[in-house]
Amino acid sequence: MDARYKSRDIERRSLDVDGLKRSFLEWLVYSVGKDARAATRRDWFHTVALAVRDRVVDRWMDTTRSYYQEDAKRVYYLSLEFLIGRLLTNSLSNLGIVDECRQALDRLGLSMEDVVDAEPDAALGNGGLGRLAACFLDSMASQGLPGYGYGIRYEFGLFEQRFENGWQVEYPEQWLQFGNPWEFARPEVLYPVQFYGRVEEFRDSVGDRAYRWVDADRVLAMAYDTPVVGYGGDTINTLRLWSARATRDFNFGHFNDGAYMKAVEQKILSENLSRVLYPNDATETGKELRLKQEYFFTSASLQDILRRYLQHHTTFENLPNKAAIQLNDTHPAIGIAELMRLLVDQHALRWDDAWEITRATFAYTNHTLLPEALEAWPVRMIERVLPRHMQIIYEINAKFLNRTKARADGDNARLSRLSLIDERGERRVRMGNLAFLGSHKVNGVSALHTELMKQTVFADFHEEFPDRINNKTNGITPRRWLKQANPALSELITTRIGEGWISDLSQIAALRDKADDVVFREEFRRAKRKNKKRLAAYIARQTGEEVLVDSIFDVQVKRMHEYKRQLLNVLHTIALYNEMRDNPTVSWVPVTKVFAGKAAPSYHMAKLIIKLINDVAKVVNHDPSVHDNLKVVLLPNYNVTAAEIIIPAADLSEQISTAGMEASGTGNMKLALNGALTIGTLDGANVEIREHVGPDNIFIFGMTAEEVNDLRASGGFNPREVIASNPSLKRALDMISTGAFSPDDRNRYHPIVQALTDGGDHFLVTADFADYCRAQEAAMHLYRDPEEWTRKAILNTANMGWFSSDRTVNEYAGEVWDVHPVHPNHDGEGFR
Ligand code: GL7
């Protein structure tokens, strides 16, 4: 081999500062095509990303080869959303070369922060559900589990949020505009996906009735692969995202008849499939394009999974021993009908055998009990878009209902609840029921949520299949959410207990003793303060507002939704503002209320709440009578990157959903791990956080899920009475309703006031207000004692080890997937 190539080859793998620097220069010139003098920050980001990517490719191939050679059972995580955020720091950190990279850039006169900041935030998801999928990818790779992510390569991720005159305005998020250095396009990995058409019945070779789907439109799914670097760089897994491509039929043969433009138009239309992420968070969309997206990526993924399986096998009975397919919510649930179609129609399996294989292969995670988020596609739509699947769903349903006990008992009401078809009103396919029936395991995402699943949405199914529902409490990856986002605290932790916690977060429990160590407390506070300064600077840049670093950073960051009750926090803010104005001589604990979060573009109430926060901020922040003791900021465009700055700086974590409504929450875990004290209801994973951190180290308030349920069952309550009996609540609401925050439009907040009063206050904001204020007071009181506050903050960090997503994926691996770690063989071409 030419010596020059050989040395380049070695250089590609070298991890020392000199090697990195040399490859940066080479990449800049030969791949980005720029001279160092002309290079922009973005050029440098692409350069560094490509050089880093070089360093994972060999190990990626080793990993894939090891899975193949061992014919290991793989887990396939099917998710319409992957909220990955930026990847540069993540890759460097998991490879263990952050410092080397920083020094190499330094020698080139570049700042690492500038390069990192030039990376767009990959927002292929809405919120918790999508971020959970990203944390699971990190954990599977870090645990050495053979895990693949399958999803859609949206050209436009979640919209960019800006505030114009205090209102949310959405702009397209063009994350791919300048290319994506992390991905590998696979133009040869293409699968056809069909829509529409009709079903033809015929007799197969042995004379049995069989079906084929004909006259359908076709789109191609093309793969893009992104390596997922596990911690330590040993295992590199794959995230495979599908992009829609028109078939060649659209491109040729239409020049003469005037249909050329029509053909081009068709091509564009069919490629719209992977154009944009639906910006809904836990709400039903009811759009045909969304159904097509769901089927598109599910079908392509299943075809790919079967292709991989058939490399080692000739029959299908072993599929469940080689593939575990996890449905991230019902979005890919059509996959159950699709696998049946592939097995029965294309591979000529008997129905019962196919059904057994399908059920043993799939598992389903439910992420919400909100009725509006339970997918139910109109039968007429599925009949038109996926005619063969509709037949298959009918068949599954008929066979199931024939066997149920309900039939035997003549309990028709129960039978109709179990049915895959909702017959009330327009007939619809209940995707949750399909997912349940077609899976061998079904899980909720926190202990409370799983219990409620058993008692509510899946009560009948649970009775029918008592072993199927299980709990897998969510988790978060400590790599991104502590090591990378919070270097100040993670370095402090490592100096005290070593770095074992990064790959085994249970070890962080060793910090418990340190809560009583005055020196450690001082250092812990110093780390927090450093993060608060960083956030204060960010707030100033984003909003122009100056906040006191020594105020309580009281943080509520999450999607804007009525059930998450940002309104409760706003009402407390107004009440506190009034108290400060009434008592100017009292020495108040300064408070900075930090909000961030996007509203679904069609969710008017949530957008009105955004406007209210901005209006309240305007009044409060400019009122000299509160002497800077209170500031309100609503940060624009909350995303993973913003979360990485906000979360490490929080003192108080707002987790205040109406009990029974937040399935788990994961922001609650990130904040507590970073040493914020939670103020929260007994909802979702808050219940388990309280068990782990201890009831003395968390501020719990409000009604329990059971109390909420009882109250609603007994016909609700009268918010007017509650308001009348609470002067500070009444005053705050009166101010909103009389236009104290909207002098330009005094009726602006009528819908909010209406919802909280005559509307019956469905989310129980007024009902929980008094107890929430009590908990807030307790928090402010504690904050006056920095030693005691810090002690509790340390105990939060130290007791959050269980909430690592490593623990969660290991539970799935053992109890749902039956997959085991594989140790890739790096003897061959690998580095080091
Ligand atoms: C969610 C839940 O609302 C959230 O509580 C949970 O933590 C998350 C991950 O399990 O899933 N369900 C849902 O539909 N979205 C969520 O974030 C959008």
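Residues numbered from 1 in each chain as written. Predicted model: local features only at pLDDT ≥ 70, side-chain atom pairs only at ≥ 80, totals over all residues. Heavy atoms only, no water.

Caption draft 1: Representation of the overall build of the protein within the structure. Scanning the protein from terminus to terminus reveals 34 helices and 24 strands. For the protein, the C-alpha radius of gyration of 28 Å lies close to 28 Å, the compact-globule estimate for 832 residues. With the principal axes as the frame, the protein shows a C-alpha extent of 90 × 80 × 60 Å. The 832 residues of the protein split such that 61% are buried. (Helix = DSSP H or I, 4+ residues; strand = E, 2+ residues; numbered from the N terminus. Rg over C-alpha atoms; globule rule 2.2 N^0.38 Å. Buried < 20%, exposed > 50% of the residue type's maximum accessible area, 1.4 Å probe, protein only.)

Caption draft 2: Quick look at the site of the ligand. As a matter of local geometry, the ligand sits amid 14 residues, with His367, Asn474, Glu662, Ser664 and Gly665 nearest to it. A distance of 2.6 Å separates an oxygen atom of the ligand from a polar atom in the side chain of Glu662. At a separation of 2.8 Å, an oxygen atom of the ligand approaches a polar backbone atom of Gly665. Counted by class, the shell around the ligand contains 6 nonpolar, 6 polar and 2 charged residues. Among the domains, domain 2 (71-86 + 121-373 + 439-459) and domain 3 (551-797) are the pair contributing at least three residues each to the shell around the ligand. (Near = heavy atom within 4 Å. Polar contact = N/O pair within 3.5 Å; in protein donor to acceptor, adjacent residues only side chain to side chain. Nonpolar A, V, L, I, M, F, W, Y, C, P; charged D, E, K, R; others polar. Domains from an automatic or database assignment.)

Caption draft 3: Representation of the side chain of Asn799 in the model. As for its placement among the helices and strands, Asn799 is situated in the loop between α33 (786-798) and α34 (805-817). Setting aside residues up to four positions removed in sequence, Asn799 forms contacts with Arg512, His692 and Val693. (Contact = heavy atoms within 4.5 Å.)

Caption draft 4: Inspection of the sheet that holds strand β7 (residues 184-195) at higher detail. Reading across from one edge, β7-β10-β11-β4-β1-β12-β13-β17-β18 is the order of the 9 strands in this open sheet, with mixed pairing throughout. Since the sheet does not close on itself, it has two edges, and those belong to β7 and β18 (469-471), each with one partner. Between one strand axis and the next, the sheet turns by 25° as a mean value, whatever way the strands run. Across 5 bridges, the pairing between strand β1 (residues 74-78) and strand β12 (residues 323-328) is parallel. Counted as the bridge partner of Tyr76 is Ile325 from β12. Docked against the sheet, α34 engages β1, β12, β13 (362-365), β17 (441-444) and β18, running at close to 115° with respect to β12. (Pairing = 2+ DSSP bridges. Axes fitted to C-alpha atoms, helices over the stretch in contact; angles between N-to-C directions.)

Caption draft 5: Representation of the packing of helix α23 (residues 566-582) against helix α30 (residues 727-738) within the structure. Packing of α23 against α30 leaves a shortest axis separation of 9 Å and a crossing angle of 105°. Accordingly, the angle class assigned to the pair α23 and α30 is roughly perpendicular. Counted together, Leu571, Ile574, Ala575, Tyr577, Asn578, Arg581 and Asp582 of α23 and Ser728, Leu729, Arg731, Ala732, Leu733, Met735 and Ile736 of α30 form the full contact between these two elements. Of the residues in the contact of α23 with α30, the class split is 9 nonpolar, 2 polar and 3 charged. (Parallel < 35°, antiparallel > 145°, perpendicular 65-115°, else oblique.)

Caption draft 6: How the structure looks around the nonpolar core. Trp242, Phe296, Ile646 and Trp817 are the most contacted members of the largest nonpolar core, which has 229 residues in total. Structurally, this core is a two-domain feature, drawing no fewer than three residues from each of domain 2 (71-86 + 121-373 + 439-459) and domain 3 (551-797). Once residues lying within four places of it in the same chain are set aside, the contact partners of Phe296 are Ile152, Val193, Phe195, Val219, Leu220, Ala221, Trp242, Ser243, Ala244 and Leu273. With 35 residues, the next largest nonpolar core counts Leu88, Ile97, Val116 and Ala118 among its residues. (Core = buried A, V, L, I, M, F, W, Y, C linked by side-chain atoms within 4.5 Å.)

Caption draft 7: View of the pairing of strand β9 (residues 209-214). Alignment of strand β8 (residues 198-203) against β9, held across 6 bridges, turns out to be antiparallel. Residue pairing across strands places Phe202 opposite Ala210, the latter belonging to β9.

Caption draft 8: Molecular detail of the confidence of the model for the protein. Across the protein, the average pLDDT comes to 95, with 97% of residues at 70 or higher. Under a pLDDT of 50 for its full length, residues 1-5 has, in the predicted model, 1 contact with residues more than four places off or in other chains. (pLDDT = per-residue confidence, 0-100.)

Caption draft 9: Focus on the domain arrangement of the protein. Per the domain assignment, the segments making up the protein are domain 1 (3-59), domain 2 (71-86 + 121-373 + 439-459) and domain 3 (551-797). Inter-centroid distance (C-alpha atoms) of domain 1 to domain 3 is 48 Å.

Caption draft 10: Just the packing of aromatic side chains, in detail. The tally for this structure, following the rule as stated, stands at 24 aromatic pairs. Here the aromatic rings of Phe195 and Tyr295 are separated by 5.8 Å at their centres, their planes lie at 80°, and the arrangement is edge-to-face. Here Phe195 is found in strand β7, whereas its partner Tyr295 is found in helix α9 (residues 288-310), with 100 residues between them in sequence. With respect to class, Phe195 is no different from Tyr295; both count as buried. One aromatic cluster in this structure is built from Tyr364, Phe400, Phe436, Phe458, Phe461 and Phe465. The ring of Tyr171 is capped by Arg162, whose NZ or CZ atom sits 3.8 Å from the centre of that ring. When the ring centre of Trp802 is taken as reference, the NZ or CZ atom of Arg807 above it lies at 3.7 Å. (Phe/Tyr/Trp six-rings, centres within 6.5 Å; stacked < 30°, edge-to-face > 60°. Lys NZ or Arg CZ within 6 Å of the ring centre and 35° of its normal.)

Caption draft 11: Spatial organisation of the environment of Phe297. As for its position among the elements, Phe297 is in helix α9. For the pair Phe297 and Pro332, spaced 35 residues apart in the sequence, the C-alpha separation amounts to 8.0 Å. Not counting the four nearest positions on each side in its chain, Phe297 is found in contact with Leu78, Ser79, Leu80, Tyr150, Gly151, Ile152, Trp242 and Pro332.

Caption draft 12: Just the pattern of salt bridges, in detail. Evaluation of the coordinates by the stated rule reveals 65 salt bridges. Across the pair Arg525 and Glu787 runs a salt bridge, and its minimum N-O distance is 2.9 Å. Here Glu787 lies in helix α33 and Arg525 lies in helix α22 (residues 518-543), a separation of 262 residues in the sequence. A residue is classified by how much of its surface remains accessible, and Arg525, at 22% relative accessible area, is partly exposed. Note that Lys631 is salt-bridged to Asp628, the shortest N-O span being 3.4 Å. Three or more residues joined by partner-sharing salt bridges are found here, namely Arg186, Asp225, Arg240, Asp304, Arg307 and Arg308. (Salt bridge = Lys/Arg side-chain N within 4 Å of Asp/Glu carboxyl O.)

Caption draft 13: Structural view of the packing of α9 against helix α11 (residues 334-346). Their axes nearest at 9 Å, the elements α9 and α11 cross at an angle of 45°. Our classification of the angle between α9 and α11 gives oblique. α9 and α11 meet at a crossing whose hand is right-handed. Touching Glu294, Tyr295, Thr298, Ser299, Leu302, Gln303 and Leu306 of α9 are Ile334, Gly335, Glu338, Leu339, Arg341 and Leu342, all from α11. Along the lines of polarity and charge, the residues of the contact of α9 with α11 split into 6 nonpolar, 4 polar and 3 charged. (Left-handed = near helix turned anticlockwise from the far one by under 90°.)

Caption draft 14: Broad picture of α9. When the terminal C-alpha atoms of α9 are compared, their 33 Å separation across 23 residues agrees well with the 33 Å that a helix rising 1.5 Å per residue should span. Within α9, 19 of the 23 residues are buried, leaving the element largely enclosed by the surrounding structure. (Expected span 1.5 Å × (residues − 1).)

Caption draft 15: Representation of unusual backbone geometry in the model. Its identity as a non-glycine residue notwithstanding, Arg565 has a phi of 60°, on the positive side. Summarising the element assignment, Arg565 is placed in the loop between β19 (552-557) and α23. Phi is positive for Asp628, close to 60°, though the residue is something other than glycine.

Caption draft 16: How the structure looks around the sheet that holds strand β15 (residues 421-422). Taken in spatial order, the 3 strands of this open sheet run β14-β16-β15, and their pairing is antiparallel. Single-partner strands in this sheet number two, and they are β14 (376-378) and β15. Where β15 lies against strand β16 (residues 428-430), 2 bridges are found, and the strand directions are antiparallel. Bridge pairing in β16 places Asp422 opposite Arg428.

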